[in-house]
Amino acid sequence: MSQPFTPNEIMTITAARALSNSDVCFVGIGAPSAACNVARLTHAPDITLIYESGTIGTAPTVLPLSIGDGELCETSVTTVSVPEMFRYWLQGGRITIGFLGAAQLDKFGNINTTVIGSYEKPKTRLPGGGGAPEIASSCGEIYITMAQSTRGMVEKIDFVTSFGHGEGGDHRARLGIATKGRTLLITDLAIWRPDPVTKEFTVMSLHPGVTREKVQETCGWRVKFAEDLDVTPAPSELELKTLRDLKARTDAAHKGESSTAASRSSKDG
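Read on for an overview of the structure. (Residues numbered from 1 in each chain as written. Predicted model: local features only at pLDDT ≥ 70, side-chain atom pairs only at ≥ 80, totals over all residues. Heavy atoms only, no water.)

### As for the packing of aromatic side chains
Geometry of an aromatic ring pair is reported as the spacing of the ring centres plus the angle between the planes. Following the criterion strictly, the structure yields five aromatic pairs and no others. Seen from their ring centres, Tyr119 and Phe159 are 5.4 Å apart, and the 25° between their planes marks the pair as stacked. Placement of Tyr119 in the loop between β8 (115-117) and β9 (122-125) and of Phe159 in the loop between β10 (141-146) and α6 (171-174) is noted, with a sequence separation of 40 residues between them. The partly exposed category is assigned to Tyr119, whose relative accessible area is 44%. Look at Trp192 and Trp221: their rings are 5.9 Å apart centre to centre, the planes differ by 70°, and that puts the pair in the edge-to-face class. Remark: Trp221 occurs in the loop between α7 (212-217) and β14 (224-231) and Trp192 occurs in strand β12 (residues 190-194); sequence separation between them is 29 residues. Between Arg94 and the ring centre of Tyr88, over which it is positioned, the NZ or CZ distance is 3.7 Å. Positioned over the ring face of Tyr119 is Arg125, at 5.7 Å from the centre of the ring. (Phe/Tyr/Trp six-rings, centres within 6.5 Å; stacked < 30°, edge-to-face > 60°. Helix = DSSP H or I, 4+ residues; strand = E, 2+ residues; numbered from the N terminus. Buried < 20%, exposed > 50% of the residue type's maximum accessible area, 1.4 Å probe, protein only. Lys NZ or Arg CZ within 6 Å of the ring centre and 35° of its normal.)

### Quick word on the packing of helix α2 (residues 31-41) against helix α8 (residues 237-255)
α8 packs onto α2 with a crossing angle of 120° between their chain directions and a minimal axis gap of 10 Å. Put simply, α2 runs oblique to α8. Where α2 crosses over α8, the handedness of that crossing is right-handed. Across from Ala34, Asn37, Val38 and Leu41 in α2, the residues of α8 making contact are Thr242, Leu243, Leu246, Lys247 and Arg249. For the contact of α2 with α8, the class distribution of residues is five nonpolar, two polar and two charged. (Axes fitted to C-alpha atoms, helices over the stretch in contact; angles between N-to-C directions. Parallel < 35°, antiparallel > 145°, perpendicular 65-115°, else oblique. Left-handed = near helix turned anticlockwise from the far one by under 90°. Contact = heavy atoms within 4.5 Å. Nonpolar A, V, L, I, M, F, W, Y, C, P; charged D, E, K, R; others polar.)

### A few points about the environment of Asn110
In this fold, Asn110 is placed in the loop between β6 (104-105) and β7 (111-112). Between the C-alpha atom of Asn110 and that of Gly166, which follows or precedes it by 56 residues, the distance is 6.4 Å. In this view, Asn110 contacts Gln104, Leu105, Ile157, Ser162, Phe163, Gly164, His165 and Gly166; residues no more than four positions away in its chain are not counted. Here the side chain of Asn110 touches Asp106 through a polar contact of 2.9 Å, side chain to side chain. (Polar contact = N/O pair within 3.5 Å; in protein donor to acceptor, adjacent residues only side chain to side chain.)

### Thoughts on the nonpolar core
Grouped together as the largest cluster of nonpolar side chains are 32 residues, with contacts concentrated most on Phe26, Leu105, Leu185, Trp192 and Val215. Elements with a contribution of two residues or more to this core: β1 (24-27), α4 (82-90), α5 (132-138), β10, β12 and β13 (201-206). Discounting chain neighbours no more than four positions away, the residues touching Val215 are Gln148, Leu189, Ala190, Trp192, Val203, Leu206, Val210, Val223 and Phe225. Listed in part, the 27 residues of the second largest apolar core include Cys25, Ala44, Ile97 and Ile191. (Core = buried A, V, L, I, M, F, W, Y, C linked by side-chain atoms within 4.5 Å.)

### Let's talk about the pairing of β10
Here is the key point about a regular strand: its side chains alternate between the two faces of the sheet. Across the six residues that make up β10, a large majority, six, are buried. With burial as the criterion, each face of β10 is covered, one bearing Glu141, Tyr143 and Thr145 and the other bearing Ile142, Ile144 and Met146. Across four bridges, strand β5 (residues 97-100) lies against β10 in parallel orientation. Paired with Ile97 across the two strands is Glu141, which belongs to β10. Bridge count for β10 against strand β11 (residues 182-187) is five bridges, and the pairing is parallel. If you follow Thr145 over to β11, its bridge partner there is Ile186. (Pairing = 2+ DSSP bridges.)

These figures capture arrangement, not role.
Here it is as structure tokens:
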């Protein structure tokens, strides 16, 4: 029998499984960073991780607090300037996967990380796009991770920070954007992929114990489910241990504990 796991753990591990050894991945901070590094520490040791600050081939021992975290530069193969990162690496088509999170997401994969409410008088001002708009258009394809809620997954986002499939269908192609855009959404409840024609996200797999009703209750649009709905494989012991050890090292490092103490705490946990 597999170990118990949390919704966040299966989301992160399922996202990690979507990455391959040959991928060159532009990594977002938070859940995307955790997923990419679990992949690197398990089945994809040769994956190339790139962060927005210009670090290439990064292999952090702990998860970074931000793109400016010294851990990224110290563990990278090389670090280039931000203009080179965007002009040569990203816009040059050299990155296969962009891994993003979202504050608000609609059914066509458009992302809002700018404001909640009106732009002129927002209820909440968010961190903004950073490099996400360029990542969304220039990476070969985009993966998204986020926890489901009716506040986050909405019928219409308040501001389009990063363009997904626009209004659906061929909207992306009509604007001259040649990359695939959003091809995968992994939440804490399910795996979603865009419909080949409409580009609306469709649930392809439910995580263990999750019902259709639960997915609909936590989503702000009318959910479409695949005819042959799968069940997501539960995390393996190795995947769980890798993720939990990574989180334990990260927590210890951010509290100023030694690596020995972090290792001991992880084993005790």
